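# A structural walkthrough
So you can see what is in the structure, the chains are spelled out below.
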Amino acid sequence: MLRAALLATCMPWTGSALAGAVSLPGKATIGSESRTIAMTLGCTMPAPRNAVGVLSIGFDVPDFQTFGKWFDFEAFDGPAGTLERLTEITVARGVRLPVAGHITVGGTSVHLSVNASMRGDSARLRKVRAPAEAASAGTGALRWRQESPRGSAPQSW
């Protein structure tokens, strides 16, 4: 069964991409519809010794409601959102991950992100770290393929 997919692609960059938080310009596309986005790679280091830092990759999709005929963004909203591994992030090679999401305040954008705690879940951290490290190594293109939990894609796109 085919699933609708959102493709987010960052423009090529040069130099170190990961140092705290960096936004990379890009585009999110479903079928013939597209939006300008900024994909953010972030790393928060714990200040006190007992705090936990987070490594994350994410972006906001503006005016997401018009994508709704193809893509079920609401299935990712909040803690009750899907935990299926419907995200594939590729720089040098792809990794598949579950995504967290929420509709932003005002309801005009949806935020999608993958993240991993710097402590306590080393397997997930390795998966998120792989594309972040590839992005920080230098020139490249970051691609995010997000499948919709909705069953089948419309035939028209």
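Presented here is an overview of the structure given in this document. Bear in mind the structure is a predicted one, so any value in this text is a computation, not a measurement. (Residues numbered from 1 in each chain as written. Predicted model: local features only at pLDDT ≥ 70, side-chain atom pairs only at ≥ 80, totals over all residues. Heavy atoms only, no water.)

## Some remarks on the overall build of the protein chain
When you go through the protein chain residue by residue, the secondary structure sums to 1 helix and 9 strands. Relative to its full complement of 157 residues, the protein chain shows a buried share of 37%. Residue pairs in contact within the protein chain that sit at least 24 positions apart in sequence constitute 65% of those at least 6 positions apart. Accessible surface, the protein chain as shown: approximately 8200 Å² in total, 54% of it carbon and sulfur. (Helix = DSSP H or I, 4+ residues; strand = E, 2+ residues; numbered from the N terminus. Buried < 20%, exposed > 50% of the residue type's maximum accessible area, 1.4 Å probe, protein only. Contact = heavy atoms within 4.5 Å. Areas by Shrake-Rupley, 256 points an atom, 1.4 Å probe, with all protein chains shown as cover.)

## Details of the packing of aromatic side chains
With the rule as written, the count across this model stands at 4 aromatic pairs. Ring geometry for F71 and F73: centres 4.5 Å apart, planes at 50°, overall tilted. Overall, the relative accessible area of 1% leaves F71 in the buried class. With relative accessibility at 2%, the residue F73 sits in the buried group. Relative to F76, the ring of F71 has its centre 6.0 Å away and its plane inclined at 15°; by these criteria the two rings are stacked. Taken together, the ring pairs connect F64, F71, F73 and F76 into an aromatic cluster. (Phe/Tyr/Trp six-rings, centres within 6.5 Å; stacked < 30°, edge-to-face > 60°.)

## What to know about the side chain of S109
Mapped onto the secondary structure, S109 falls in strand 8 (residues 109–117). Residue contacts for S109: discarding those within four places in its chain leaves D60, V61, P62, F64, H102, I103 and T104.

## Thoughts on unusual backbone geometry
Trans peptide bonds make up the majority, and among non-glycine residues the majority have a negative phi. Of note, D63 is a non-glycine position whose phi angle comes to about 50°, a positive value. The residue D63 is located in the loop between strand 4 (54–62) and strand 5 (87–90) in this model. D63 sits in the partly exposed class, given a relative accessible area of 39%.

## Remarks on the nonpolar core
Generally speaking, nonpolar side chains in soluble globular proteins are found buried as a group. One finds I57, F73, I89 and W144 to be the most contacted residues of the largest nonpolar core, which totals 30 residues. Every element with two or more residues in this core is listed here: strand 2 (21–30), strand 3 (33–44), strand 4, strand 6 (94–97), strand 8 and helix 1 (122–136). (Core = buried A, V, L, I, M, F, W, Y, C linked by side-chain atoms within 4.5 Å.)

Function-wise, these values are silent; they only describe arrangement.
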